[in-house]
Amino acid sequence: MWAFLASDCMFFGTLIATYMVYKNRSLDGPLPRETFDVPYTSVSAFVLLLSSLTMVLALAAIQHGQERKMRIWLGATALLGCVFLGGQFYEFTTFYQDGLTLSRNLFGSTFFTLTGFHGTHVAIGVFWLASLVAQSFRGRLHQGHSLLVEIAGLYWHFVDIVWILIFTLVYLIPD
Amino acid sequence: MAHETHAAHGAVEHAHPGPKTYTIIGVFLAIITLVEVWVYNVEAVRPYLVLILLPLSAVKFATVVGAYMHLRFDHPIFTAIFGFGLLVAASVITALMFLFGQYPLPHHAG
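Residues numbered from 1 in each chain as written. Chains lettered and ligands numbered in written order. Predicted model: local features only at pLDDT ≥ 70, side-chain atom pairs only at ≥ 80, totals over all residues.

## Here's the deal with the overall build of chain A
Line of reasoning, step 1. Along the backbone of chain A there are 6 helices and 0 strands.
Line of reasoning, step 2. Ordering the α and β elements of chain A from the N terminus gives α-α-α-α-α-α.
Line of reasoning, step 3. Along the first, second and third principal axes, the C-alpha set of chain A runs to 55 × 30 × 20 Å.
Line of reasoning, step 4. For chain A, the proportion of contacts with a sequence separation of at least 24, taken over those separated by at least 6, is 82%. (Helix = DSSP H or I, 4+ residues; strand = E, 2+ residues; numbered from the N terminus. Contact = placed C-beta atoms within 7 Å.)

As structure tokens, then:
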């Protein structure tokens, strides 16, 4: 898993680099500063941070043999992931209505590619967590299988740290 | 042999923190995010936004990786593997930004 995360680091590194290089090279608008709604995205960032906390609490629960608690925390993590995805969908829709599309300008192309790939990672994580909850309900996820939850947790935290970087580099430093 | 391997791992791996510590870390991360958003809205520090926000972001990144992903408590080989990927990513971002003249630090015109 760590090797996969290292390779994913390079993947997002190239996407972030491409965004940083091209964001101010658009010939016409909309441009970053006139597009972003930072207070709204801050809430999304809080939601994803909170999901990292619930994920690590799920791991602590299964390591202590508390399967019911683990299901609650895993379900909460998946739910928070869904909230984040819903927020991203709303944000993309708003940007689209404001005239920013994937093919509008360089800012739009690189922004939607970067955040879209991140959103896809979140969606995969939500499905992964949901499958763990389903396995637990079928009685196939016990204390001895805590490594399965830990690996899913590593992936989920990675998605969170990528958003930490995107939130700062893309939203808070738009120029 | 298996016993020796287990003992060797035990020398570098430590017990994970408990729910209370995780919650305190969560509050700490939330506070840093609040500070980031507050700094973003202060007009006086806008020229130094990058210098303030990048270290704050790095602290959040390191805290999640170290505490939530347990890299602090796991075998150093995992730190080396992840660190390599991170180093390549950071190098690519830095090199491309300077190559294309997108300097991240504040500079004066003229």
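Once you've had a look at it, read on.
## Comments concerning the overall build of chain B
Line of reasoning, step 1. When helices and strands are tallied, chain B shows 4 helices and 0 strands.
Line of reasoning, step 2. Expressed as a percentage of its 110 residues, the buried residues of chain B come to 18%.
Line of reasoning, step 3. Long-range pairs, those at least 24 residues apart, make up 62% of the contacts in chain B with a sequence separation of at least 6. (Buried ≥ 20, exposed ≤ 12 C-beta atoms within 10 Å, placed from the backbone.)

## Things to note about the nonpolar core
Line of reasoning, step 1. Ranked by internal contacts, the top residues of the largest apolar core, which has 68 residues, are Ile16 and Ala58 of chain A.
Line of reasoning, step 2. Elements supplying a minimum of two residues to this core: helix 1 (2–22), helix 3 (38–63), helix 4 (67–97), helix 5 (106–137) and helix 6 (146–172) of chain A together with helix 2 (19–41), helix 3 (49–68) and helix 4 (76–99) of chain B.
Line of reasoning, step 3. In terms of residue count, helix 6 of chain A provides more of this core than any other element does, 18 residues in total.
Line of reasoning, step 4. Excluding its chain neighbours within four sequence positions, the residues that come into contact with Ile16 of chain A are Leu114, Leu165 and Leu169 of chain A together with Ile93 of chain B. (Core = buried A, V, L, I, M, F, W, Y, C linked by C-beta atoms within 7 Å.)

## Some words on the confidence of the model for chain B
Detailed reading of the predicted coordinates is not advisable wherever pLDDT falls low.
All names here are of chain B.
Line of reasoning, step 1. Averaged over chain B, the pLDDT score is 81; the fraction of residues at 70 or greater is 80%.
Line of reasoning, step 2. In the predicted structure, residues 1–11 sits below a pLDDT of 50 and forms 1 contact with residues beyond four places in sequence or in another chain.
Line of reasoning, step 3. In the predicted complex, the global pTM is 0.88; the interface-specific ipTM is 0.86. (pLDDT = per-residue confidence, 0-100.)

## Re the interface of chain B and chain A
Line of reasoning, step 1. The partner chain A presents 33 residues to the 37 residues of chain B that form the contact.
Line of reasoning, step 2. Counting only elements with at least two residues in the side of chain B that touches chain A, the list comes to helix 2, helix 3 and helix 4 of chain B.

## A word on unusual backbone geometry
Glycine aside, a negative phi is what most residues show, and trans is what most peptide bonds show.
Line of reasoning, step 1. Not every positive phi belongs to a glycine, and His70 of chain B is a case in point at roughly 65°.
Line of reasoning, step 2. For His70 of chain B, the location among the structural elements is in the loop between helix 3 and helix 4.

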